[in-house]
Amino acid sequence: MLEAREVSKTFRRSWGGGAFTALAQVSLRLERGETLGLMGPSGCGKSTLARILLRLIPIDTGQVLYQGEDITALRGKALLPFRRQVQLIPQRPESFFDPAMKLGNSVLEPLKIFGIYEKRTAREMLLGTLEQVKLNASLLDRYPHQVSGGEIQRLSICRALLLDPQVLILDEATSMLDISVQAQILRILQELQRVRKLSYLFISHDREVVNLMSDRLVEMKEGRMLGKNEGGTMEQGKD
Ligand SMILES: Nc1ncnc2c1ncn2[C@@H]1O[C@H](COP(=O)(O)OP(=O)(O)OP(=O)(O)O)[C@@H](O)[C@H]1O
C-alpha cells in the first residue's frame, strides 16, 4: 500500500556546520487494511520517516511507493490523488485549525482545497462524519481555543475522513492526551478502520499502546530499522 525503500535523509546544519543523518537506509511497508506500529525512542527518526512517506520533505536517496507506484519524483497535480488518500493525524492538531476561524469552517477547508466541496451535500457529510468520531455538532460554532485536546484531535480525524482517505499516518496522535481520552480515541480509530477499511501507520514511543493497536510492529533506533531489514518486523502486535 505505502512503502519506503532504503530511504536515507541527512539534515545539513547551517549553524555550526556539518550534517546529521536522521534516516539511514530505512525500509518499511504498510499493507492494505492493517495497522503497522512504528516504535522507537525520541529522536530516532519516526517523524522524519512519516514526513517522507507523506511526501512533505525531500529524500536524499531511496524511494516512496504508493499502491505499487514510485511517487518519489511526482510533483504538483500528479501528487493530488496521493495527497488526498494519505492523511496525517499529528500529535498537535491545533496547527490545522485557524485560531480566528470557527471549527465548522476549518473542518471543511480541505474539501475546498481539493475542489470537491459541494454546499448541497457538505453539511450532511460533515454531520455523518462527526457522528463517527463521536462529536456533537454544537462544537462547529466554536473556535479552536474553546474545545478540549481530545475534541480537537477528533475534529482533525473528522477533517481527514471527509477526504475519504485510504491511509492515516498517526504520529503520536494520542500521546498528549490523558489516559481515558486516549482510550476513547483509540476505540474510535479501531471502529473507523473496521468500517472504512483504513490502513494505519501508528507511530508511538509507548509500547503498550502500539501493542494494543498494531497487527505488526517495527522498531527504529538512531535512524535505522531494527531487526530484519525489509519491513523490519519485530514481533506480533495485538496481544
Ligand atoms: N528539519 C530538521 N533539521 C535538522 N534536524 C532535524 C530536522 N528534523 C528532525 N531533525 C532531527 O532528526 C532527528 C530525528 O527527528 P524525528 O522528529 O524524526 O524523531 P522522532 O523519532 O519522531 O522523535 P519524537 O518521538 O521525539 O518526535 C532528531 O535528532 C531531530 O532533531
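Predicted model only: the values in this text are computed from it and were never measured.

Procedures and definitions
- Residues numbered from 1 in each chain as written.
- Predicted model: local features only at pLDDT ≥ 70, side-chain atom pairs only at ≥ 80, totals over all residues.
- Heavy atoms only, no water.
- Helix = DSSP H or I, 4+ residues; strand = E, 2+ residues; numbered from the N terminus.
- Rg over C-alpha atoms; globule rule 2.2 N^0.38 Å.
- Buried < 20%, exposed > 50% of the residue type's maximum accessible area, 1.4 Å probe, protein only.
- Contact = heavy atoms within 4.5 Å.
- Areas by Shrake-Rupley, 256 points an atom, 1.4 Å probe, with all protein chains shown as cover.
- Lys, Arg positive; Asp, Glu negative; His and termini not counted.
- Charge placed at Lys NZ, Arg CZ, Asp CG, Glu CD.
- Axes fitted to C-alpha atoms, helices over the stretch in contact; angles between N-to-C directions.
- Parallel < 35°, antiparallel > 145°, perpendicular 65-115°, else oblique.
- Left-handed = near helix turned anticlockwise from the far one by under 90°.
- Near = heavy atom within 4 Å.
- Polar contact = N/O pair within 3.5 Å; in protein donor to acceptor, adjacent residues only side chain to side chain.
- Nonpolar A, V, L, I, M, F, W, Y, C, P; charged D, E, K, R; others polar.
- Salt bridge = Lys/Arg side-chain N within 4 Å of Asp/Glu carboxyl O.
- Pairing = 2+ DSSP bridges.

### Notes on the overall build of the protein
In terms of helices and strands, the protein carries seven helices and eleven strands. For the protein, whose C-alpha radius of gyration is 18 Å, the value lies close to the compact-globule estimate of 18 Å for 239 residues. On the principal axes, the C-alpha backbone points of the protein span a range of 50 × 40 × 40 Å. A buried classification covers 49% of the 239 residues belonging to the protein. The contacts in the protein between residues at least 6 apart in sequence include a share of 68% that link residues at least 24 apart. A total accessible area of about 12,100 Å² is found for the protein, and carbon and sulfur atoms account for 50% of it. The average position of the 33 basic charges and that of the 28 acidic charges among the side chains of the protein differ by 4 Å.

### A few points about the packing of helix α5 (residues 149–161) against helix α6 (residues 179–196)
Relative orientation and spacing of two packed helices are given, respectively, by the angle between their axes and the distance between those axes. Packing of α5 against α6 leaves a shortest axis separation of 10 Å and a crossing angle of 15°. Comparing the axis directions of α5 and α6 gives the class roughly parallel. Considering how the two elements wind past one another, α5 and α6 form a crossing that is right-handed. The residues of α6 that touch α5, namely those facing G150, Q153, R154, I157 and L161, are V181, Q184, I185, I188, L189, L192 and R196.

### Section: the site of the ligand
Taken together, 13 residues surround the ligand, and among them S42, G43, K46, S47 and T48 come closest. The side chain of R51 places a nitrogen or oxygen atom 3.4 Å from a nitrogen atom of the ligand. Isolated, the ligand exposes 630 Å² of accessible area, and the fraction of that covered by the protein chains is 61%. Looking at the shell around the ligand, the elements that each hand over two or more residues are β2 (19–30) and α1 (46–53). At four residues, α1 tops the list of elements feeding residues into the shell around the ligand. Its residues placed into classes, the shell around the ligand shows five nonpolar, five polar and three charged.

### Points about the pattern of salt bridges
Scanning the model with the defined rule gives eight salt bridges in all. Linking R29 and E31 is a salt bridge whose minimum nitrogen-to-oxygen distance equals 3.0 Å. Residues R196 and D164 are paired through a salt bridge, measuring 3.9 Å at the closest nitrogen-oxygen approach. Pair noted here: R196 is in helix α6 and D164 is in the loop between α5 and β7 (167–171), with a separation of 32 residues, a long-range link.

### Some thoughts on the sheet that holds strand β1 (residues 2–12)
The four strands are arranged β2-β1-β4-β5 in an open sheet whose pairing can be described as antiparallel. Where the open sheet ends on each side, the last strands, each with one partner, are β2 and β5 (69–70). Pairing analysis gives eight bridges linking β1 to β2, with the strands arranged antiparallel. Its bridge partner being in β2, E3 is matched across the sheet by R29. Across the sheet, α1 lies against β1, β2 and β4 (61–66), angled at about 120° from β1, the strand it touches most.

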